Amino acid sequence: MAQQRDQPNSEKISCSICLDLLKDPVTTSCGHSYCMDCIKTHWDGEGGKRIYSCPQCRKTFKRRPDLQKNILLAELVEELKKTGLQAAAAAADHCYAGPEDVACDVCTGWKMKAVKSCLVCLASYCENHLQPHYDSPPLKKHQLVEPSKNLQENICSRHDKMMEIFCGNDQQLICFLCAMDEHKGHKIVPAAVERMKKQKELEVSRLNIQQRIQDRQKDVKLLQQELEDIRVSADKTVEGSKEMFTEMMHLIKKRGQDVEQQIRSQQKTEESRVKEVKEKLEKEIRDLKRKDTELKQLSDTPDHRQFLHNYPSVSALSESTHSSSINIHPQRHLEDVTAAVKELRGKLQDVLKETWTNISLTITQPDVLLSEPQPEPKTRDEFLKYSTEITLDPNTAHRYVLLSAGNRKATLREQKQRYPDHPDRFTGSWQVLSRESLTGRCYWEVEWSGLGVVVAVAYKNICRKGNSDKCEFGRNDRSWSLRCGPNRYKFSYNNTKTPVSGPRSSRIGVYLDHRAGILSFYSISETMTLLHRVQTTFTEPLHAGVYLFSDGGWLFSSGATAEFLKLR
């Protein structure tokens, strides 16, 4: 005991700035001691004010004091380190509750970390105060769980009673007084019984997820093989064409280069399409695995009330976005192209008029047929067969664009949103892009209000920074847009604007056939009227987007809204 009394007190030789043992201790003229680096840093921050003060007593100095090492304190610090008290103090600090920890409800003063929470007492306990729950027979019957800050969620806010009953009619936990009051006559069961029922449903969901993971992994392998077939087919066709065009006269040399260019372009388009489907499947696999982990964590939750509280939000499974069947065709090498090139050798004079058309059409035939070509829709019911649910990507939204309704609605707001920094975010134009990349046949509708919006599609690599034409929809070769206002429409691509006539409507339908290169905009009311149709070649997957107009300047009171509607 005498030795313990002789040991220096760690708190008395700790720096009040860093709260650690003094390092190179110095003492000011007012008698307070600090780490040399700590007090220097503190005074550096005050230098701009031309005032230097003691952090503890606030005594001010006319000029910055000169600092010299306090040898006595330095020796005391070294002595404290030798006794091992510093390690003991650190261990004690590790046991105290911090801002992110659950604190013991019984401790007074400096609270210790809780090791368990009691669902009966509705309190959390440290190791010492938890001991009665292990020793006292009545307390042994209480249910202990991992420390939780949400114990009050188990108490009925109306009757201040434990919620131990589950109402099947309202799908919520209630107390026994609720069961005899507003839930009287409802189908009620003990929470533990409902937990067992939901637990079985959860296991079925997990089995379904695991089967879907296996199916998607098989599809990914098939698509990987298809990518290799496309590459081999394109390479072989290019090499064969080169050999035959070498034998021809300079008259067809130019056409040989054109053939190679089209083959490579088609190869890129086909590979991009297959990679896109492959990425979707791989993302679905990752999402399913993450969902399985969430379900496993929910399944292992010992508190059945917490389980039932979280069950509705965790157990729901999203619909699969892709068919489980992938049609892979046998390996092909564009034999028709080769045959057409051979035919050119005997038709030098007519090649530009006749044979070139056959070559071009043969090359551009789809090689990967995930779905058979179908005629373009004519009626709205036919368009709805290709309806695609669009959600907006918060990482792309301008900070004055508020997303709501499950990220399907965009609203121009006066208040800047607290979005984190992200390289995909538009910084100059009040616009936002969809999460989903669009290939194949897609149809969606946008309901808008306010002064006007721009309904658009764009490649993912469109510029995001600043107010230049490279960023705004319709002002570059990376996007196509339809401007919708109260009195007019206007189509834009690559900064070329085309006036569009048609009936005014607050709902715009957009149809995309990526493979055919068709993009159409429709006015939707009681009838469906074509406003503008584009025929082009899309070389990359597209994303849906909207640009919102305000009433000018920085006034947003009349700002626009645009919502991507659920059509199914």
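Residues numbered from 1 in each chain as written. Predicted model: local features only at pLDDT ≥ 70, side-chain atom pairs only at ≥ 80, totals over all residues. Heavy atoms only, no water.

As annotated in an unreviewed UniProt entry, the protein carries the name Tripartite motif-containing protein 16-like and comes from Amphiprion ocellaris.

Visitor: Sorry, what's going on with the overall build of the protein here?
Guide: Along the protein, the regular secondary structure elements total 13 helices and 23 strands. Counting only residues that meet the buried cut, the protein has 42% of its 568 residues in that class. Contacts in the protein between residues far apart in sequence, at least 24 positions, make up 60% of those at least 6 positions apart. Approximately 31900 Å² of the protein is accessible, and the part contributed by carbon and sulfur atoms is 50%. (Helix = DSSP H or I, 4+ residues; strand = E, 2+ residues; numbered from the N terminus. Buried < 20%, exposed > 50% of the residue type's maximum accessible area, 1.4 Å probe, protein only. Contact = heavy atoms within 4.5 Å. Areas by Shrake-Rupley, 256 points an atom, 1.4 Å probe, with all protein chains shown as cover.)

Visitor: When you look at the sheet that holds strand 9 (residues 172–174) in this model, what are you seeing that I'm missing?
Guide: The strands making up a sheet associate through hydrogen bonds between their backbones, and the pairing can be parallel or antiparallel. An order of 9-8-10 is seen for the 3 strands of this open sheet, with the pairing classed as antiparallel. Two strands lie at the open edges of the sheet, namely strand 9 and strand 10 (188–190), each paired on one side alone. Taken pair by pair, the neighbouring strands of this sheet meet at an average axis angle of 35°, ignoring direction. Relative to strand 10, strand 8 (residues 165–167) runs antiparallel, the two sharing 3 bridges. Bridging from a neighbouring strand, Cys167 pairs with Ile188 of strand 10. Packing against the sheet, helix 8 (residues 191–246) makes contact with strand 8, strand 9 and strand 10, and its axis sits at approximately 90° to strand 10. (Pairing = 2+ DSSP bridges. Axes fitted to C-alpha atoms, helices over the stretch in contact; angles between N-to-C directions.)

Visitor: Looking at this structure, how should I read the pairing of strand 19 (residues 507–513)?
Guide: Here is the key point about a regular strand: its side chains alternate between the two faces of the sheet. By the criterion of burial, strand 19 is predominantly enclosed, with 6 of the 7 residues buried. Of the strand pairs in this sheet, strand 19 and strand 20 (residues 518–524) are connected by 6 bridges, and their pairing is antiparallel. Pairing of Asp513 across the sheet is with Ile518, part of strand 20. With antiparallel pairing between neighbouring strands as the criterion, strand 19 and strand 20 make up a hairpin whose turn holds 4 residues, including Gly517 at a positive phi of roughly 75°.

Visitor: Help me understand the pairing of strand 22 (residues 542–548) in this model?
Guide: Of all 7 residues in strand 22, 7 are buried; the element is thus mostly enclosed. Alternating residues of strand 22 divide into Leu542, Ala544, Val546 and Leu548 and His543, Gly545 and Tyr547, and every residue in both groups is buried. Of the pairings in the sheet, the one linking strand 13 (residues 431–433) to strand 22 comprises 3 bridges and is antiparallel in character. Pairing of Val432 across the sheet is with Val546, part of strand 22. Bridge analysis of strand 15 (residues 453–459) against strand 22 gives 7 bridges, and the strand direction is antiparallel. The residue of strand 22 that forms the bridge with Val455 is Val546.

Visitor: Looking at this structure, I do not really get the pattern of salt bridges. What am I missing?
Guide: Note that side chains of opposite charge can pair when their charged atoms are close. All chains considered together, the criterion is met by 31 salt bridges. Residue Arg231 is joined to Asp235 by a salt bridge in which the shortest nitrogen-to-oxygen separation is 3.0 Å. Of this pair, Arg231 and Asp235 both sit in helix 8, separated by 4 residues, roughly a single helical turn. Taking relative accessible area as the criterion, Asp235 reaches 24% and is therefore assigned partly exposed. (Salt bridge = Lys/Arg side-chain N within 4 Å of Asp/Glu carboxyl O.)

Visitor: What is the right way to look at the side chain of Ser523 in this model?
Guide: With respect to the helices, strands and loops of the structure, Ser523 is situated in strand 20. We classify Ser523 as buried; its relative accessible area is 1%. Polar side-chain contacts of Ser523 include one of 2.9 Å to the backbone oxygen of Pro503. Not counting the four nearest positions on each side in its chain, Ser523 is found in contact with Tyr489, Pro503, Arg504, Ser505, Arg507, Met528, Thr529 and Leu531. (Polar contact = N/O pair within 3.5 Å; in protein donor to acceptor, adjacent residues only side chain to side chain.)

Visitor: Explain the sheet that holds strand 5 (residues 116–118) here, please?
Guide: As summarised here, the arrangement of the 3 strands in space is 6-5-7, forming an open sheet in which the pairing is antiparallel. The two strands at the open ends of the sheet, each matched to only one other strand, are strand 6 (123–125) and strand 7 (144–145). Relative to strand 6, strand 5 runs antiparallel, the two being bridged by 3 bridges. Looking at strand 6, one finds that Cys118 is bridged to Ala123.

Visitor: Please explain the environment of Val277 as it appears in this structure.
Guide: One can find Val277 in helix 9 (residues 253–299). Along the primary structure Val277 and Val220 are separated by 57 residues, whereas in three dimensions their C-alpha atoms are 8.7 Å apart.

Visitor: Explanation requested: the nonpolar core in the structure shown.
Guide: Here is a general trend for soluble globular proteins: nonpolar side chains tend to be buried in one another's company. One finds Trp444, Trp480, Leu482, Ile508 and Leu519 to be the most contacted residues of the largest nonpolar core, which totals 41 residues. In contact with Leu482, not counting residues within four places along its chain, are Val453, Val454, Val455, Tyr489, Lys490, Phe491, Val500, Ile508, Phe521 and Leu531. By size, the runner-up hydrophobic cluster in this structure holds 29 residues, among which are Ala191, Leu202, Leu223 and Leu298. (Core = buried A, V, L, I, M, F, W, Y, C linked by side-chain atoms within 4.5 Å.)

Visitor: Any chance you could explain the packing of aromatic side chains here in plain terms?
Guide: Aromatic rings in a pair are described by how distant their centres are and how their planes are angled relative to each other. Per the stated rule, a full pass over the model turns up 14 aromatic pairs. Between Tyr386 and Tyr511, the aromatic rings sit 6.5 Å apart at their centres with planes inclined by 65°, giving edge-to-face as the arrangement. Pair noted here: Tyr386 is in the loop between helix 13 (380–384) and strand 11 (401–404) and Tyr511 is in strand 19, with a separation of 125 residues, a long-range link. Neither Tyr386 nor Tyr511 differs from the other in exposure class; each is buried. (Phe/Tyr/Trp six-rings, centres within 6.5 Å; stacked < 30°, edge-to-face > 60°.)

Visitor: I'm lost on the environment of Val115 in this one. Help?
Guide: Inspection of the secondary structure puts Val115 in the loop between helix 4 (85–95) and strand 5. The sequence separation of Val115 and Glu146 amounts to 31 residues, and the corresponding C-alpha distance is 6.8 Å. Apart from residues no more than four positions distant in its own chain, Val115 is found in contact with Tyr125, Cys126, Glu127, Leu130 and Pro147.

Visitor: Just checking my understanding: could you explain the state of the cysteines for this structure?
Guide: Linking two cysteines covalently through their sulfur atoms gives a disulfide. Summed over all chains, the structure comprises 0 disulfides. Looking at Cys30, it has no disulfide partner, and the nearest cysteine sulfur is the one in Cys54, 3.6 Å off. Free of any disulfide, Cys57 has its nearest cysteine sulfur in Cys30, 3.6 Å distant. (Disulfide = S-S within 2.5 Å.)

Visitor: What exactly am I supposed to notice about unusual backbone geometry here?
Guide: Peptide bonds are, in most cases, trans, and in most cases residues other than glycine have a negative phi. One non-glycine residue, Leu122, lies in the positive phi region at around 55°. Here Asn407, not a glycine, exhibits a phi torsion of approximately 65°, which is positive. Counting through the fold element by element, Asn407 comes out in the loop between strand 11 and strand 12 (409–412).

Visitor: It is not clear to me how the packing of helix 8 against helix 10 (residues 304–315) should be interpreted in this structure. Could you clarify?
Guide: Between helix 8 and helix 10, the shortest axis-to-axis distance is 9 Å and the interhelical angle comes to 50°. If you check the angle between helix 8 and helix 10, you find them oblique. As for the relative orientation of helix 8 and helix 10, their crossing is left-handed in sense. Only His304, Phe307, Leu308 and Tyr311 of helix 10 make contact with helix 8, whose side of the interface consists of Ala191, Ala192, Glu194, Arg195, Lys198, Gln199, Glu201 and Leu202. Partitioning the contact of helix 8 with helix 10 into residue classes produces 6 nonpolar, 2 polar and 4 charged. (Parallel < 35°, antiparallel > 145°, perpendicular 65-115°, else oblique. Left-handed = near helix turned anticlockwise from the far one by under 90°. Nonpolar A, V, L, I, M, F, W, Y, C, P; charged D, E, K, R; others polar.)

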